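In case you want the letters, here they are:
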Amino acid sequence: DRDRDRDRDRDVLRFDLDVLRNVHATYQGARSRIEWKQSPANTPLFVANQNITVAPLMATVDRRPILVRKQLLDDRKTRNVARNGKELGCALSSTTFVSHLKHHDLKKYQQKYGHRHGCEVCFQFSNRKDMTDFLSERQNKAKWMTIETNASTSTKCVKGRATVTSRFGQWQQEEETQGRRFQGFGYPWTVDCLLPNGIPELTCKEISKMQRNIDEGRVDGLLDIRFGTKLVIGWTEGTKRGNYFAVWSQWPWKAVMSHDDDREEIAKKLSMTWNDETSWYVPKSGEELKLAHVEGPGYDQTEYNGKPSIRSIDPQSNSKGGVHVRLLVNLYHYIRNAPGSTHIVAVVDGQAHRSYAYLTEALNTNISLLYRDFWQSLLSEINHANPTDLLPMHEDSSTTSHAFTDMTLMQLLRLRKINILMVPVLTPSPLFEQSVCGGQYQFATYLAARYSADYHVIMFIDGDTSLLEHPQTQPLPSSSSSTQLKRTQQQIYYDRFFSPTHSTQCAGHRYQLIEQYVPPSHDTDEHLLKCTHDLLSHPKKWKFAMKNCHLKEGHIVGRTDAIYAYSVHHPDTL
């Protein structure tokens, strides 16, 4: 019975085991190293005495629809060998942590060192003949395929095109240089890689198939597959200005395989125009729109030997792990205004087990205990509404009663067809101790590369943020005979991004954010639900908050077929 309940609960709460396998494979087999260079050639070799730390972080098969489209368009301009996506060269996205950001040359890493960046996928064989034969008949087909071989190890490497980015590096560097924050911090650099089109063996799907054959003992000649990157960074410190170093990183292929590496399927579903209803990525209505909210990576932090550290968690600890203390409040509003959506909770890998255990316990708690003053009225509204309706928020009254006093949050989420996906984020201690927000910058890029193909719209938000609809869109209680405009988040995003009559034809938008200090005496779920209720129920309070509270721009929401990367608080698009 316990196993049956666990299987049933997976339709609400699921742990991304594919990512967990990637994380384990990265720790077991991924490596980074530094190679120092000199410039000009007649100057002494700069020997590093800064104890620079480098570490391979998250890497994945790149499933961004916009990148698939770009590959296809570029292919049609040349030899048109990708066969409409069937032989689309594999794309990968990776991050590597490099310490001492303060001395990185961020202004010239593209124009000065762009030709030095690189990436490759390497195949190691059991003998030199198999190595020689592999791809020997394909080389003339790919216009820009470059191959290197190492006869001593029977390894053949196919070179790809590398693109290097540091989206928030310059901002972080300026903060440190001016003495404000991030002293001694490093940065997770992103390296994206494209393999040549037109080679069946170099599609992501086929390479992953080879790896599975290796793992399952179905092939003798092929021993190992690895993905590697080369990142070149200039050094700006004092008299050493002009020197540069290369960071070489390598991951076993098992560290980059995703839950679906068939990028041909993404190509088949691509939209040709912003409102192309023949495409899977353009829903026909708000009810069809697949929406994901994403937060994290979350963590429980402490200080050890004067440095920030992930809290050590023992079996007796009452830590929530990486689950944000405000998650339950936010889930209440998703139940109301985002039925049928997915909530992705990213957590640091060192606290993933505790995070999952805590969240499982919370979801199996009665809603009468979690939402003391608001649960009965919510259930009453659900009884009178369709599964996709926006539900109003109002307090329970003395006359409100409901029979389902034993309903759990898990059951309520299932009733509204909301599911939660927990994603472990690889977070070695150097990254956590020397980077902003526990490595959030690496996850922002990974999020787009890994999950964009699975949804129509993704929102990247802070864990302490409640998403509220404007009071004018608040439906009246079901007991009222009046009608008002009722739009769920999905319907709002459909109108904004896809509607033939209302769309702004933009790829991404930022939300206006009210940042409000909460005194410790009011820092409870009950008080915060009451606060949001007052905002939604009293238009004058809403207007006052918009006029007088601290407003910021943040939290990106974008259509997934047009977003290149979900950077923190800012959408970058191609």
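Rules used in this analysis
- Residues numbered from 1 in each chain as written.
- Predicted model: local features only at pLDDT ≥ 70, side-chain atom pairs only at ≥ 80, totals over all residues.
- Heavy atoms only, no water.
- Helix = DSSP H or I, 4+ residues; strand = E, 2+ residues; numbered from the N terminus.
- Buried < 20%, exposed > 50% of the residue type's maximum accessible area, 1.4 Å probe, protein only.
- Contact = heavy atoms within 4.5 Å.
- Areas by Shrake-Rupley, 256 points an atom, 1.4 Å probe, with all protein chains shown as cover.
- pLDDT = per-residue confidence, 0-100.
- Salt bridge = Lys/Arg side-chain N within 4 Å of Asp/Glu carboxyl O.
- Pairing = 2+ DSSP bridges.
- Core = buried A, V, L, I, M, F, W, Y, C linked by side-chain atoms within 4.5 Å.
- Phe/Tyr/Trp six-rings, centres within 6.5 Å; stacked < 30°, edge-to-face > 60°.
- Axes fitted to C-alpha atoms, helices over the stretch in contact; angles between N-to-C directions.
- Parallel < 35°, antiparallel > 145°, perpendicular 65-115°, else oblique.

1. Quick word on the overall build of the chain
(1) Moving on: If you tally the helices and strands in the chain, you get 17 helices and 20 strands.
(2) Moving on: Counting only residues that meet the buried cut, the chain has 55% of its 574 residues in that class.
(3) Moving on: Contacts spanning at least 24 positions in sequence make up 79% of the contacts within the chain whose residues lie at least 6 apart.
(4) Moving on: If you sum the accessible surface of the chain, you get close to 26400 Å²; carbon and sulfur atoms cover 47% of it.

2. Here we look at the confidence of the model for the chain
Interpretation of this model should avoid reading the predicted coordinates in detail wherever pLDDT is low.
(1) Moving on: The share of residues in the chain with pLDDT of 70 or more is 88%, and the mean pLDDT across the chain is 86.
(2) Moving on: Within the model, the stretch residues 40–49 combines pLDDT values under 50 with 10 contacts to residues more than four positions away or in other chains.
(3) Moving on: Here residues 479–484 is a poorly scored stretch, pLDDT under 50, and it has five contacts once near neighbours within four places are set aside; other chains count.

3. Remarks on the pattern of salt bridges
(1) Moving on: Following the criterion strictly, the structure yields 27 salt bridges and no others.
(2) Moving on: A salt bridge links Asp-11 to Arg-414; the nearest nitrogen and oxygen atoms lie 3.0 Å apart. A residue pair is termed long-range when its members are at least 10 positions apart, and Asp-11 in the loop between α1 (2–9) and β1 (13–15) and Arg-414 in helix α12 (residues 409–415) qualify at 403 residues.
(3) Moving on: Using a relative accessible area of 24% as the deciding quantity, one classes Arg-414 as partly exposed.
(4) Moving on: For the salt bridge of Lys-70 with Asp-74, the shortest nitrogen-to-oxygen distance reads 3.1 Å. With a gap of four residues between them, Lys-70 and Asp-74 both fall in helix α3 (residues 65–77), about one helical turn apart.
(5) Moving on: Of the residues examined, Asp-74 reaches a relative accessible area of 33% and is grouped as partly exposed.
(6) Moving on: Among the ionic contacts, a cluster of salt bridges with common partners joins Asp-62, Arg-64 and Asp-192.

4. Quick look at the environment of Asn-22
(1) Moving on: On the secondary structure map, Asn-22 appears in helix α2 (residues 17–29).
(2) Moving on: The class of Asn-22 is buried, set by a relative accessible area of 4%.
(3) Moving on: The spatial distance from the C-alpha of Asn-22 to the C-alpha of Pro-252 is 9.2 Å, given a sequence separation of 230 residues.
(4) Moving on: Apart from the residues within four sequence positions on either side, Asn-22 is in contact with Lys-254, Ala-255, Val-256, Met-257, Tyr-446 and Arg-450.

5. A short note on the pairing of strand β10 (residues 244–252)
(1) Moving on: Burial analysis of β10 places seven of its nine residues in the buried class, which makes it a mostly covered element.
(2) Moving on: Summarising the sheet, strand β2 (residues 31–36) and β10 pair through six bridges and their orientation is antiparallel. In the sheet register, Arg-33 faces β10, and the bridge partner there is Trp-248.
(3) Moving on: Two elements, strand β9 (residues 222–234) and β10, share nine bridges in a ladder whose sense is antiparallel. When the sheet's bridge partners are listed, Phe-227 is paired in β10 with Trp-251.

6. Considerations on the nonpolar core
(1) Moving on: In this structure, Leu-331, Leu-363, Tyr-371 and Leu-409 are the most contacted members of the largest nonpolar core, which totals 55 residues.
(2) Moving on: Ranked by the residues each element gives to this core, the list is headed by helix α8 (residues 327–337), at seven residues.
(3) Moving on: If we skip the residues at most four places from it in the chain, Leu-331 touches Leu-363, Tyr-371, Leu-409 and Ile-420.
(4) Moving on: Counting residues in each nonpolar core, the second largest holds 49 residues, with Phe-245, Val-294, Ile-344 and Tyr-566 among its members.

7. A closer look at the packing of aromatic side chains
(1) Moving on: Applying the stated criterion across every chain yields a total of 19 aromatic pairs.
(2) Moving on: Plain terms: the ring middles of Phe-15 and Tyr-356 are 5.7 Å apart, the flat faces sit at 90 degrees to each other, and that makes the pair edge-to-face. With a gap of 341 residues between them, Phe-15 in strand β1 and Tyr-356 in helix α9 (residues 352–363) connect regions that are remote in the sequence.
(3) Moving on: For Phe-15, a relative accessible area of 14% corresponds to the buried category.
(4) Moving on: Among the residues examined, Tyr-356 registers a relative accessible area of 27% and is labelled partly exposed.
(5) Moving on: Look at Trp-280 and Tyr-281: their rings are 4.9 Å apart centre to centre, the planes differ by 85 degrees, and that puts the pair in the edge-to-face class.

8. Observations concerning unusual backbone geometry
The general pattern is negative phi for most residues beyond glycine and trans for most peptide bonds.
(1) Moving on: Of note, the bond from Gly-296 into Pro-297 is cis; its omega dihedral lies within 30 degrees of zero at 5 degrees.
(2) Moving on: Among the secondary structure elements, Pro-297 is positioned in strand β11 (residues 291–298).
(3) Moving on: Phi at Leu-135 takes a positive value of approximately 65 degrees, unusual for a residue other than glycine.
(4) Moving on: Here Leu-135 lies in the loop between α4 (128–133) and β6 (147–150).
(5) Moving on: On the basis of relative accessibility, which here comes to 4%, the residue Leu-135 falls in the buried class.
(6) Moving on: Phi at Ser-154 takes a positive value of approximately 55 degrees, unusual for a residue other than glycine.
(7) Moving on: With respect to the element layout, Ser-154 can be found in the loop between β6 and β7 (155–165).

9. Observations concerning the packing of helix α16 (residues 525–537) against helix α17 (residues 539–548)
(1) Moving on: With their axes 5 Å apart at the nearest point, α16 and α17 run at an angle of 105 degrees to one another. Considering the angle they form, α16 stands roughly perpendicular to α17. Across from Asp-534, Leu-535, Leu-536 and Ser-537 in α16, the residues of α17 making contact are Pro-539, Lys-541, Trp-542 and Ala-545.

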